[in-house]
Amino acid sequence: MLARISRRLAGLLATLFAASFVIFAAVYAAPGDPAVFLAGGRDKLTPEKLELVRRQYNLDEPLAVQYGRWLWDGVHLDLGRSFKYSDQVSDLLAARLPTTLWLVAYATVLFVVIGVGAGVLAAVRRGTWVDSTVVGGTTLAASVPSFVSAIALVALFGVQLGWFPVTGGGEGLSGRLHHLTLPAVSLALGALALISRVTRQAMVDAGAADHVEVARASGLPERDIVRRHVLRNALGPIVTMCGLVMAGMLAGTVVVETAFGISGIGSLLVGAINTHDFPVAQAVLLLMVTGYIVVTTLVDLLHPLLDPRVKERAA
């Protein structure tokens with residue numbers, strides 16, 4: 001187990017290193033010159049002033065030197081200073097990250113509870129109208145883009161019915177839940193559809209095992225069979241997929257936060273890209289990639305504990 005954890009941690013660090021270089025290089029390869037933005041635009045911009053700005057922000061150095069400097073500072077939690085706000089990037093992230101985490105957590109609760117519940121119900125009622133309804137509903141939910149569902153939710157529940165606010169992240173527990181309900185639903189719809197499908201198939205596969213037939217032949221109640229023999233053996237792929245979906249939700253907040261006017265890291269990334277605020281864009285992208293890699297690594301380590309068959313194959 002220790003050797004397995006060590007290998008996963010080494011792979012995590014190597015992946016983070018490669019991802020950080022790709023992010024740094026891709027941002028600087030994007031159209032636009034950050035020196036022009038820092039100098040206040042192209043009006044009355046002389047070559048001497050532009051060169052001075054480049055030297056001041058180390059933009060005249062080779063890409064490898066800039067990356068090494070940025071990586072060294074990042075290891076020491078110094079993510080640079082925003083070109084647009086003139087604040088430390090770490091302060092901007094600290095101010096906006098809690099709202100995004102609340103949104104992701106809320107959406108995760110929704111898609112796990114409703115998605116797993118719908119998948120279990122469809123598997124138990126396989127071949128009935130309940131199964132067809134769940135499959136049809138999840139197919140429809142998966143086909144609707146998040147920005148379309150966001151607009152529809154705002155128009156119906158925010159504007160026409162007035163049940164929920166359509167902007168802001170709210171304050172306090174009740175305020176956050178009230179403000180983030182529509183964004184969380186919009187973010188969770190596609191994930192809910194995927195999780196319900198995975199849960200249904202995992203339950204069907206687990207229910208076809210020989211020991212399940214033996215349990216039925218022995219006269220055990222169907223409810224106990226589903227809970228103790230079918231659902232327990234299906235937890236491995238269900239938990240794995242839930243973890244993967246949750247890890248990818250940080251990137252999904254870009255569209256949802258922009259649509260609902262939420263001050264999170266998703267909307268911060270959109271603003272940074274539009275204004276060529278490279279330090280902020282790099283930091284947010286690195287945070288999203290790091291979150292995804294860390295969560296997927298934890299899920300990979302947790303999977304053998306949920307499914308002994310995976311543990312045996314790993315051994």
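Residues numbered from 1 in each chain as written. Predicted model: local features only at pLDDT ≥ 70, side-chain atom pairs only at ≥ 80, totals over all residues. Heavy atoms only, no water.

Caption draft 1: Spotlight on the packing of aromatic side chains. Taken as a whole and assessed by the stated rule, the structure comprises 6 aromatic pairs. Relative to Trp70, the ring of Tyr67 lies with its centre 6.2 Å away and its plane at 40 degrees, an arrangement referred to as tilted. Note that Tyr67 and Trp70 are positioned in helix α4 (residues 63–75) at a spacing of 3 residues, about one turn of the helix. For the pair Tyr67 and Trp70, a shared accessibility class is recorded, and that class is buried. Ring centres 5.7 Å apart and planes at 45 degrees place the aromatic pair Phe157 and Trp163 in the tilted group. For Trp163, a relative accessible area of 53% gives the class exposed. Here the aromatic cluster, defined as three or more aromatic residues joined through ring pairs, consists of Phe17, Phe21, Phe24, Tyr67 and Trp70. (Phe/Tyr/Trp six-rings, centres within 6.5 Å; stacked < 30°, edge-to-face > 60°. Helix = DSSP H or I, 4+ residues; strand = E, 2+ residues; numbered from the N terminus. Buried < 20%, exposed > 50% of the residue type's maximum accessible area, 1.4 Å probe, protein only.)

Caption draft 2: Region of interest: a nonpolar patch on the surface. A grouping of Leu140, Val144, Phe147, Val148, Ile151 and Val255 is seen on the molecular surface, where their side chains present a nonpolar patch of about 510 Å² in accessible area. Looking at the nonpolar patch, the element that brings in the most residues is helix α7 (residues 146–160), giving 3 residues. Its location among the elements puts Val144 in the loop between α6 (129–143) and α7. The partly exposed category is assigned to Val144, whose relative accessible area is 31%. (Patch = residues over 30% accessible without salt bridge, like charges linked within 9 Å, V, L, I, M, F, W, Y side chains within 5 Å. Areas by Shrake-Rupley, 256 points an atom, 1.4 Å probe, with all protein chains shown as cover. Salt bridge = Lys/Arg side-chain N within 4 Å of Asp/Glu carboxyl O.)

Caption draft 3: Expanded view of unusual backbone geometry. Its identity is not glycine, yet Leu77 carries a phi of approximately 65 degrees, on the positive side. Within the secondary structure layout, Leu77 lies in the loop between α4 and α5 (89–124).

Caption draft 4: Fine view of the environment of Leu12. By the secondary structure assignment, Leu12 is in helix α1 (residues 2–29). Considering only alpha carbons, one finds Leu12 and Thr296, 284 residues apart in sequence, at a separation of 9.6 Å. Excluding anything up to four places from it in sequence, Leu12 contacts Ile293, Val294 and Thr297. (Contact = heavy atoms within 4.5 Å.)

Caption draft 5: How the structure looks around α4. Between its terminal C-alpha atoms α4 stretches 18 Å, which fits the 18 Å expected from 13 residues at 1.5 Å a residue. Buried residues of α4: Gln66, Tyr67 and Trp70, and no others. Buried residues in α4, looked at end-on, bunch into an arc of 100 degrees, giving them a common side. What points out from α4, more than 90 degrees from its buried face, is the exposed set Ala64, Trp72 and Val75. One or two steps after α4, the chain reaches Leu77, where phi turns positive at roughly 65 degrees. (Expected span 1.5 Å × (residues − 1). Arc of directions from axis to C-beta.)

Caption draft 6: Main features of the nonpolar core. With 50 residues, the main nonpolar core has Leu93, Phe111, Met203, Met249, Phe260, Val280 and Val284 as its most contacted residues. Those residues within four positions of Phe260 in sequence are excluded, and the remaining contacts are Ala150, Val154, Val166, Thr167, Gly168, Leu182, Pro183 and Ser186. Counting 5 residues, the second-largest nonpolar core is a separate cluster that includes Ile23, Phe24, Tyr67 and Leu286. (Core = buried A, V, L, I, M, F, W, Y, C linked by side-chain atoms within 4.5 Å.)

Caption draft 7: Here's a closer look at the packing of α7 against helix α8 (residues 172–207). Their axes nearest at 9 Å, the elements α7 and α8 cross at an angle of 145 degrees. Taken as a pair, α7 and α8 cross one another with a handedness that is right-handed. Across from Ser146, Ser149, Ala150, Leu153, Phe157 and Gly158 in α7, the residues of α8 making contact are Leu182, Val185, Ser186 and Leu189. In terms of residue class, the contact of α7 with α8 is built from 6 nonpolar, 4 polar and no charged. (Axes fitted to C-alpha atoms, helices over the stretch in contact; angles between N-to-C directions. Left-handed = near helix turned anticlockwise from the far one by under 90°. Nonpolar A, V, L, I, M, F, W, Y, C, P; charged D, E, K, R; others polar.)

Caption draft 8: View of the side chain of Ser82. Mapping Ser82 onto the fold places it in the loop between α4 and α5. Setting aside residues no more than four positions away along its own chain, Ser82 makes contact with Asp87, Val89, Leu92, Asp277 and Val280.

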